[in-house]
Amino acid sequence: MRAWLLNDTSGPGSYRLESIDTPEPGPGEVRVHLRASALNHLDLWVSRGMPAPHRFPHIAGGDGAGVISAIGPGVSTVAIGDEVVLNPSVACGNCHACLSGESPYCRSYGILGEHLPGTLADEVVAPARNVIAKPAGLSWEEAAAYGLVTGTAYRMLRRARLSAGDVLLIVGIGGGVASMGLQLGLAMGATVYVTSRDQAKIDQAIALGAAGGFDSSGEFSKALKKTAGRAADVVLESVGPATFNQSMRSMESGGRIAVCGATSGPKVEISMPYLFFKQIEIIGSTMFNHAEFLAATELVGSGRVQVMVDSVVPFEDLPVALARLDAGDQLGKVVIGR
Ligand SMILES: [Zn+2]
């Protein structure tokens, strides 16, 4: 089969298209012939060693959809020819965390394309429990594109207990998780505000249903309170030190801030009295469990949440797609077609 291989961590220019043996599924595993894959920033980060792949050569890619092409011993839940979507959240399935439904806390938790060979290839092998039926109304490109970002945003909003009527603030709109957070927040009945340094991205968010948007580099907590008449119940954060202080100040008492990333750096300083007097909750969140993946799939499959596909790039043109993602030019998901 063809696969885009990483042999080192010197950056996205290291991806090489090569021909390798097609993998065979082991017990409890299936092989999926991919009809489409989608890129995430993770595919850039692993190429730069942040984090470094566990072994070389490595196949990146967390998102994908396709047709079951082989099943391993003991698999009875799917059959060859079934059309499926991959859940990139891989765990042991047997430990206390997994059995209680919280696979992201599994000690052997991993992500397809980071800890395991991923979807930037013709075929991928995954545990059978990591494939679900492709929603009938989605194209292959849409089915490949929603998984990682929708699941991640859904878990953040669930853990932050977003309710209908809440004010939700999404800091740094434009990325995949933030964009899905906007749509999910609207579907859940929240009033959603966004921040960005790019007015075009704010305008696009408003076109999608956001109630307003503010400059990420300004005092957006004041702007929010002035516009909305109150502060936020829930804030989604992925920027870190550049915005965290303003994000904290953007919350009502009892507010929850869910954090899934820190693109501007790893450390922030917070005011402890502010934290406890305002009874703020800071919630770290990463990836999602299977139930959250199914809930995200239901929202996408039913059309309540739209999959935003920026572009579909042919498999052999992966470097073009990576460059587009790296430059931040995309509006929605960059899909690798077949
Ligand atoms: Zn486990």
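Within each chain, residues carry numbers counting from 1 in the order of the written sequence. Predicted model: local features are reported for residues with pLDDT of at least 70 only, side-chain atom pairs are reported and counted for 80 or more only, and whole-chain, interface and lining totals are derived from all residues.

(A) Region of the structure containing the overall build of the protein. The helix and strand inventory of the protein stands at 11 helices and 17 strands. Values of the radius of gyration come from C-alpha atoms, whereas the globule rule sets the reference at 2.2 Å times the count of residues to the power 0.38. In terms of overall size, the protein behaves like a compact globule, its C-alpha atoms giving a radius of gyration of 20 Å where 338 residues would be expected to give roughly 20 Å. Overall, the C-alpha framework of the protein stretches about 60 × 40 × 35 Å when taken along its three principal axes. Out of the 338 residues in the protein, the part that is buried amounts to 49%. In the protein, once contacts between residues fewer than 6 apart in sequence are set aside, the share between residues at least 24 apart is 68%. Labels follow the DSSP assignment, with helices taken as runs of H or I lasting at least four residues and strands as runs of E lasting at least two, numbered in each case from the N terminus. Any residue with 12 or fewer other C-beta atoms within 10 Å of its own C-beta is exposed, any with 20 or more is buried, and the rest are partly exposed; the C-beta atoms used are placed from the backbone. We call two residues in contact if the C-beta atoms placed from their backbones are at most 7 Å apart.

(B) Seen up close, the domain arrangement of the protein. Domain annotation of the protein identifies domain 1 (2-146 + 307-337) and domain 2 (151-284). Delimitation of the domains relies on an automatic or database domain assignment. Centre-to-centre, using C-alpha coordinates, domain 1 lies 29 Å away from domain 2. Contacts between the two partners involve 6 residues from domain 1 and, on the opposite side, 4 residues from domain 2. Side-chain classes follow a simple rule in which Ala, Val, Leu, Ile, Met, Phe, Trp, Tyr, Cys and Pro form the nonpolar group, Asp, Glu, Lys and Arg form the charged group, and the remainder, Gly included, forms the polar group. Each residue belonging to the side of domain 1 that touches domain 2 can be placed in one class, and the counts come to 2 nonpolar, 3 polar and 1 charged.

(C) Inspection of the sheet that holds strand 14 (residues 251-259) at higher detail. Note on pairing: DSSP must find at least two bridges between two strands before they are called paired. Taken in spatial order, the 6 strands line up as 12-11-10-13-14-15 in an open sheet, and their pairing is parallel. A single partner strand is all that each edge strand has here, and the edge strands are strand 12 (212-215) and strand 15 (281-284). Going across the sheet, the axis of each strand differs from the next one's by a mean of 20 degrees, ignoring polarity. Here 5 bridges tie strand 10 (residues 167-171) to strand 11 (residues 191-196), and the two strands are oriented parallel to one another. Of the residues in strand 11, the one forming a bridge with leucine 168 is valine 192. Here an angle of 0 to 180 degrees is reported between the N-to-C directions of two axes, which are lines fitted to C-alpha atoms, with helices fitted over the stretch in contact.

(D) Local environment of the packing of helix 4 (residues 147-159) against helix 5 (residues 176-187). Following both chains from N to C, one finds helix 4 and helix 5 inclined at 60 degrees, their axes separated by 8 Å at the closest point. Judged by the inter-axis angle, helix 4 sits oblique to helix 5. Both helix 4 and helix 5 take part in a crossing whose hand is right-handed. Residues Val149, Thr150, Thr152, Ala153, Tyr154, Met156 and Leu157 of helix 4 lie in contact with helix 5, whose contacting residues are Gly176, Val177, Met180, Gly181, Leu184 and Gly185. Across the contact of helix 4 with helix 5, the residue classes break down as 8 nonpolar, 5 polar and no charged. Between 65 and 115 degrees an angle is taken as roughly perpendicular, under 35 as roughly parallel, over 145 as roughly antiparallel, and anywhere else as oblique. By the definition used in this description, the sense in which the near helix is turned from the far one sets the handedness, with an anticlockwise turn below a right angle giving left-handed and a clockwise turn giving right-handed.

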